[in-house]
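# Topology and contacts: notes
Okay, here's what each chain looks like letter by letter:
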Amino acid sequence: MVSMMPPTQSILKLPSDQDASGRTLGAEEIAAVTEAILSGTLTSTKGTFVKALENRFAEMIGVKYAYACSSGSAAVHTAIAAIDPEPGDEIITTSITDMGALTPILYQGAIPRFVDVDPVTLNVTAETIAPCINERTKAIIVTHLFGNPCNMTEIMALANAHGIPVIEDTAQAFLAQHQGQFAGTMGTVGCFSLQQGKHITTGEGGIVVTNDDAIARRLFLYINKAFGYGDPKPDHYFIALNYRMSELQGAVAAAQLGKLQDIVAKRATTAAQLTEKLQGLPGIATPHHAADDVHVYWKYCLRVDSNIIAEGAVGLAKKLKEEKGIFSAPRYIQKPAFQCEIFEKQRTFGNSRFPFTLAKAEAVDYGRDRFPGTFSGLEQVLVLPWNEAYTDEHIQYIADAVKQAVAQLAH
Ligand SMILES: Cc1ncc(COP(=O)(O)O)c(C=O)c1O
């Protein structure tokens, strides 16, 4: 294979969240999982590890209820099922998110109503949500993208004015804060992911949180096949799945939880260092977050101006990879979620197209002119991987790589 690297360049391998170099899995997790195995009880219906995780997480972020589940997708599905839309109801969501946050809407017979995002943060805002609220709106899902919280003050004011519950997708935003409140605790339900690349991980896993007693009951039931464990005459009360987390994952997650604050603090510190080093570079804008908020840097995003940098974010990503071995993601998910076949071709259950058959025309109008922030935001964004194991040397390496690439590409 012909190497793309010039022979004189030295490559520094950055810690990666896909292997041990960038994960905090160690002695604590091994001890906990060993204890779980030796207990002989691996189901959370009988064991203690998942329960302990739920209690500790609820206490950490200050909510009344937390329930662990099998993935971030399961968390979002559970939240939607708890809100219980009627078939054809609309659930407002963002055009830039993971598919695992969207398919649950369809599984519950509801219609995703995509709204535009702020081109700078790629987050939904009260302004982009407001025009899409109508009599069929059953819930609003907001995603705190890349670890940067949405403006929940404005979004909650809007939602409360209409009496609409808000689901916070906090998969990428453990311990992020908006005006002193933790992401995931401001809406009706918060959803978290413990998938391999998140701040803390069990490989796959999720958590849902709420302060609402009735919603909590439905969250618990939905994760447990709607079986009324502990009730005098338990039954399977409604349609639901087994979305339980196992005790093996619960043990690892509880150990990971003890490291979360440190992970978040390290990511924020190194992100601030890089931001400082990149100030004043032509055609490059560093991440923006509101002054009172805490951004927890799941990823570090640059905005690249293609009027100044040749080939924009794509050109910069190419240079970083070829010359410095730094892998980044220009355009993040490449295209708005609504341009995926599932939505464009309405591929759902057999040939039925259900629930799209119940959708109002404007709910499935994905015309480009309705999403200016989405298209311009994706065009400019360059997503750099971020990690708590980055040292001063890694930060200097990334800063120098970006500066060198910009010097070569700026016109
Ligand atoms: C914003 C967002 N929501 C939901 C999910 C789905 O989580 P999971 O992969 O754990 O199912 C992810 C990512 O994985 C995500 O980034």
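Residues numbered from 1 in each chain as written. Predicted model: local features only at pLDDT ≥ 70, side-chain atom pairs only at ≥ 80, totals over all residues. Heavy atoms only, no water.

## Here's the deal with the pairing of strand 11 (residues 299-304)
Taken across its six residues, strand 11 has five buried, putting it largely inside the fold. Sheet topology places strand 11 next to strand 13 (residues 381-385); five bridges connect them, and they run antiparallel. When the bridges of strand 13 are listed, Cys301 appears paired with Val383. (Buried < 20%, exposed > 50% of the residue type's maximum accessible area, 1.4 Å probe, protein only. Helix = DSSP H or I, 4+ residues; strand = E, 2+ residues; numbered from the N terminus. Pairing = 2+ DSSP bridges.)

## Thoughts on the nonpolar core
Residues Phe114, Cys191, Val208 and Phe343 are the most contacted members of the largest nonpolar core, which totals 40 residues. For this core, the elements supplying multiple residues, two or more each, are strand 1 (65-69), helix 3 (72-83), helix 4 (103-107), strand 4 (137-143), strand 8 (189-193), helix 7 (213-223) and helix 10 (341-346). Take this core: its biggest share by element is eight residues, from helix 3. (Core = buried A, V, L, I, M, F, W, Y, C linked by side-chain atoms within 4.5 Å.)

## Things to note about the site of the ligand
Taken together, the neighbourhood of the ligand is formed by 13 residues, with Gly72, Ser73, Asp169, Ser193 and Lys198 sitting nearest. The separation between an oxygen atom of the ligand and a polar main-chain atom of Gly72 is 2.8 Å. Ser193 is positioned with one of its side-chain polar atoms (N or O) 2.8 Å from an oxygen atom of the ligand. Within the shell around the ligand, the residues separate by chemical class into two nonpolar, eight polar and three charged. (Near = heavy atom within 4 Å. Polar contact = N/O pair within 3.5 Å; in protein donor to acceptor, adjacent residues only side chain to side chain. Nonpolar A, V, L, I, M, F, W, Y, C, P; charged D, E, K, R; others polar.)

## Some points on the pattern of salt bridges
Going through the model one piece at a time under the given rule, you end up with 18 salt bridges. A salt bridge links Lys360 to Glu135; the nearest nitrogen and oxygen atoms lie 3.5 Å apart. Highlighted residues: Lys360 in the loop between helix 10 and helix 11 (372-380) and Glu135 in the loop between helix 5 (126-129) and strand 4, separated in sequence by 225 residues. Looking at Lys360, the relative accessible area reads 24%, which means it is partly exposed. Here Arg217 ties to Asp231 by a salt bridge, and the two come within 2.7 Å at their closest N and O atoms. On the criterion of sequence distance, the pair formed by Arg217 in helix 7 and Asp231 in the loop between helix 7 and helix 8 (247-277) is long-range, its members being 14 residues apart. (Salt bridge = Lys/Arg side-chain N within 4 Å of Asp/Glu carboxyl O.)

## Things to note about the environment of Phe338
Here Phe338 lies in the loop between strand 12 (329-330) and helix 10. Taking C-alpha positions, Phe338 is 9.7 Å from Leu102, a pair spaced 236 residues apart along the chain. With residues up to four places along the chain from it excluded, the contact list for Phe338 reads Ser95, Phe114, Phe343, Glu344, Tyr366, Phe371 and Phe375. (Contact = heavy atoms within 4.5 Å.)

## Some words on the sheet that holds strand 1
Within the open sheet, the seven strands sit side by side as 1-9-8-5-4-2-3. Their pairing is mixed. Both edges of this open sheet fall to strand 1 and strand 3 (111-115), since each of them pairs with a single strand only. On average, each strand axis in the sheet is inclined to that of its neighbour by 20°, with strand direction left out of account. Of the pairings in the sheet, the one linking strand 2 (residues 90-94) to strand 4 comprises three bridges and is parallel in character. Following the sheet pairing, Ile91 is matched in strand 4 by Ala139. (Axes fitted to C-alpha atoms, helices over the stretch in contact; angles between N-to-C directions.)

## Some points on helix 2 (residues 49-61)
For helix 2, with 13 residues, the first-to-last C-alpha span of 19 Å sits near the 18 Å given by 1.5 Å per residue. Taken together, the buried positions of helix 2 are Phe49, Val50, Leu53, Glu54, Phe57, Ala58 and Ile61. Each buried residue of helix 2 lies within a common arc of 165° when the element is viewed along its axis, so the set occupies one face. Where helix 2 is buried, its residues contact helix 1 (27-39), strand 1, strand 7 (181-182), strand 8, strand 9 (206-210) and helix 8. Positive phi shows up at Gly62, right after helix 2, with a value of about 75°. (Expected span 1.5 Å × (residues − 1). Arc of directions from axis to C-beta.)

## Some words on the packing of helix 9 (residues 312-324) against helix 12 (residues 392-409)
In helix packing, the relevant descriptors are the interaxial angle and the interaxial distance, both defined with respect to the helix axes. Two elements in contact, helix 9 and helix 12, have axes separated by 9 Å at closest approach and are oriented at 120°. One finds that helix 9 runs oblique with respect to helix 12. Both helix 9 and helix 12 take part in a crossing whose hand is right-handed. Between helix 9, through Gly315, Leu316, Lys319, Leu320, Glu323 and Lys324, and helix 12, the contact on the second element is made entirely by Tyr397, Ala401, Val402, Gln404, Ala405, Val406, Gln408 and Leu409. Classifying every residue of the contact of helix 9 with helix 12 by side-chain character gives eight nonpolar, three polar and three charged. (Parallel < 35°, antiparallel > 145°, perpendicular 65-115°, else oblique. Left-handed = near helix turned anticlockwise from the far one by under 90°.)

## A look at unusual backbone geometry
Note that the residue after Phe354, namely Pro355, is joined by a cis bond; omega there is 5°. Looking at where Pro355 falls in the secondary structure, it is placed in the loop between helix 10 and helix 11. At Gln334, a residue that is not glycine, the phi angle is positive and equals roughly 75°. Mapped onto the elements, Gln334 comes out in the loop between strand 12 and helix 10. On the basis of relative accessible area, Gln334 is assigned to the partly exposed category, the value being 43%.

Just distances and angles here, no functional claims.
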